[in-house]
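# Coordinate analysis (summary)
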Amino acid sequence: MTLPISAERVSTPRLTLNVLSVPGSAGDAVVFVHGNVSSSAFWHATMIAIAAEGFRPYALDLRGFGDSDPEPVDASRGVRDYSDDLLALLGHPSFEDLGPVHLVGWSLGGGVVMQAMRDRPAAVRSATLVNPVSPYGFGGTTGPDGVLTGPDGVGSGGGAANPEFVAALRAGDRSADSPVSPRTVLRATYVAAGTDLGEEEDAFVESMLSTRIGEDHYPGDFLPSEAWPGVAPGKRGVLNTIAPTNFRIDDLHEIDPKPPILWIRGDQDMIVSDTSLFDLAHLGAIGAVPGWDGTPAQPMVTQTRTALDRYGAYREAVVAGAGHGPHLDRPAEFRAALLAHLRG
């Protein structure tokens, strides 16, 4: 299926970004930010749908994904390399006349949107967080307020990635022959079990394979730790941008103005969850990672709810039967919630 999507490379003082749009669309601007191991391609169908409803959609590839410049990622800044790239795009002459925009961020992209809001709230008309990373990062914390389970952030960062999945990405594996191939991971965790992605599936796999691999990109570097499970975050690359020692947004409620937030999530999400199958502490508790020392799992959903309760101006929408990408496996329900938020 050919979608009426246009791609343009937009040069900013920071880097050149690949930006998608829908030619001929008009209305309030909505900017979509993808998640980890993906690209703007995951937003195609959503962009077409909301353009037909009177909005002007855009989607960018984050650095190191899709067709944007593969600039290295300084994870010591948390996700600010990504959020500053986004804000630089909004400051480009072709975007600055749009005024405040609606931001939609999925997973890692949710963290990028939160950081952009935290740093420049006046640029954001509304925010939609789609199964976002916790405001306290991914891995290495416990409790509703994101207390570190170890001072070095043990159990999070670049060393927490599955090395076989990294190898499959590097090799460009397009098969479904392995439990760690990108296609299998897409089917098993990006969407709810049994979801048929149809003719879009191949495009999604290609999008995943656009991920740059290495210490400056995915998964990033890591340090040894004396505590279980033996790995602590480094300062480079994707997974370290959301390590709790590098990324923490616990003052979002203090920003002014406060753009309204829609928090939308799938009830079958296995990635961002209080029992995440990507959290080494939970995997240890269920016996999938040996040597577990009792380190508690990260309650990711609980942490997000706690932070948003403090923020106040938000609504939570839970999509029944949806996985990590409700815009993929329950598109009608997702779009209804998104459009209601954008119009509100």
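Our structure is the block above this text.
Attention in this report is confined to the structure presented alongside it. Please read these numbers as outputs of a predicted model, since none were measured by experiment. (Residues numbered from 1 in each chain as written. Predicted model: local features only at pLDDT ≥ 70, side-chain atom pairs only at ≥ 80, totals over all residues. Heavy atoms only, no water.)

### A word on the packing of helix α2 (residues 80–90) against helix α3 (residues 108–119)
Packing of α2 against α3 leaves a shortest axis separation of 9 Å and a crossing angle of 65 degrees. Here α2 lies roughly perpendicular to α3, going by the angle between them. Note on packing geometry: the crossing formed by α2 with α3 is right-handed. Residues Arg80, Tyr82, Ser83, Leu86 and Leu87 of α2 pack against Leu108, Val112, Gln115, Ala116 and Asp119 of α3. Among the residues making up the contact of α2 with α3, the classes are represented as six nonpolar, two polar and two charged. (Axes fitted to C-alpha atoms, helices over the stretch in contact; angles between N-to-C directions. Helix = DSSP H or I, 4+ residues; strand = E, 2+ residues; numbered from the N terminus. Parallel < 35°, antiparallel > 145°, perpendicular 65-115°, else oblique. Left-handed = near helix turned anticlockwise from the far one by under 90°. Contact = heavy atoms within 4.5 Å. Nonpolar A, V, L, I, M, F, W, Y, C, P; charged D, E, K, R; others polar.)

### Structural notes on the packing of aromatic side chains
Following the criterion strictly, the structure yields eight aromatic pairs and no others. Both rings, one in Phe42 and one in Trp106, keep their centres 5.4 Å apart while their planes meet at 45 degrees; by these two values the pair is tilted. Taken together, the residues Phe42 in the loop between β3 (28–33) and α1 (44–51) and Trp106 in strand β5 (residues 101–106) connect sequence positions 64 residues apart. Accessibility assignment for this pair places Phe42 and Trp106 in one class, buried. Taking 4.4 Å as the distance between ring centres and 15 degrees as the angle between the ring planes, the aromatic pair formed by Phe42 and Phe204 counts as stacked. Of this pair, Phe42 sits in the loop between β3 and α1 while Phe204 sits in helix α6 (residues 201–209), placing them 162 residues apart in sequence. (Phe/Tyr/Trp six-rings, centres within 6.5 Å; stacked < 30°, edge-to-face > 60°. Buried < 20%, exposed > 50% of the residue type's maximum accessible area, 1.4 Å probe, protein only.)

### Remarks on the pairing of strand β1 (residues 6–11)
Looking down a regular strand, the side chains alternate between one sheet face and the other. Pairing of β1 with strand β2 (residues 16–21), which is carried by six bridges, proceeds in the antiparallel orientation. Bridge pairing links Ala7 to Leu20 in β2. (Pairing = 2+ DSSP bridges.)

### What to know about the sheet that holds β1
Ordered in space as β1-β2-β4-β3-β5-β6-β13-β14, the eight strands form an open sheet in which the pairing is mixed. Edge positions in the open sheet fall to β1 and β14 (314–319), since each of these has one partner strand only. Adjacent strand axes in the sheet meet at a mean angle of 20 degrees when their direction is disregarded. Most of the contacts of helix α9 (residues 300–311) go to strand β13 (residues 261–266), to which it runs at about 165 degrees, and overall it touches β13 and β14.

### Thoughts on the pattern of salt bridges
The full count for this structure, using the stated rule, is 22 salt bridges. For Arg183, the salt bridge goes to Glu201, with nearest N and O atoms at 2.8 Å. Residue Arg183 is found in helix α5 (residues 182–190), and its partner Glu201 is found in helix α6; the two are separated by 18 residues along the sequence. Just as Arg183 is buried, Glu201 falls in that class too. Arg183 serves as the salt-bridge partner of Asp202, at 2.9 Å between the closest nitrogen and oxygen. Residue Asp202 is found in helix α6, and its partner Arg183 is found in helix α5; the two are separated by 19 residues along the sequence. Owing to a relative accessible area of 11%, Arg183 belongs among the buried residues under this scheme. Within the structure, one salt-bridge network assembled from shared partners comprises Arg14, Arg63, Arg77, Asp81, Asp84 and Asp85. (Salt bridge = Lys/Arg side-chain N within 4 Å of Asp/Glu carboxyl O.)

### A word on helix α11 (residues 331–343)
Helix length check: α11 (13 residues) gives 18 Å between terminal C-alpha atoms against 18 Å at 1.5 Å per residue, within 8%. Burial in α11 covers these residues: Phe334, Ala337, Leu338, Leu339, His341 and Leu342. (Expected span 1.5 Å × (residues − 1).)

### Focus on α6
Note: α-helices contain 3.6 residues per turn, so residues at a spacing of three or four share the same orientation. Looking at α6, one finds that the buried residues are Glu201, Phe204, Val205, Ser207, Met208 and Leu209. Buried residues in α6 make contact with α4 (163–171), α5 and α10 (326–329).

### So, the side chain of Arg265
Within the secondary structure layout, Arg265 lies in strand β13. Classification of Arg265 by relative accessible area gives buried; the value is 17%. Beyond its immediate sequence surroundings of up to four residues, Arg265 is in contact with Asn131, Val301, Arg305, Glu316, Ala317, Val318 and Val319.

### Examining unusual backbone geometry
The residue after Trp228, namely Pro229, is reached through a cis peptide bond having omega 5 degrees. Within the element layout of this structure, Pro229 appears in the loop between β11 (222–224) and β12 (231–233). Cis geometry marks the peptide bond from Asp256 to Pro257; its omega dihedral reads 5 degrees. By secondary structure assignment, the location of Pro257 is in the loop between α7 (238–241) and β13. The phi angle at Ser107 is positive, at roughly 60 degrees, despite the residue not being glycine. As for its placement among the helices and strands, Ser107 is situated in the loop between β5 and α3. The exposure class assigned to Ser107 is buried, which follows from its relative accessible area of 11%. One non-glycine residue with positive phi stands out, namely Asn131, at about 40 degrees. Looking at where Asn131 falls in the secondary structure, it is placed in the loop between β6 (124–130) and β7 (141–142).

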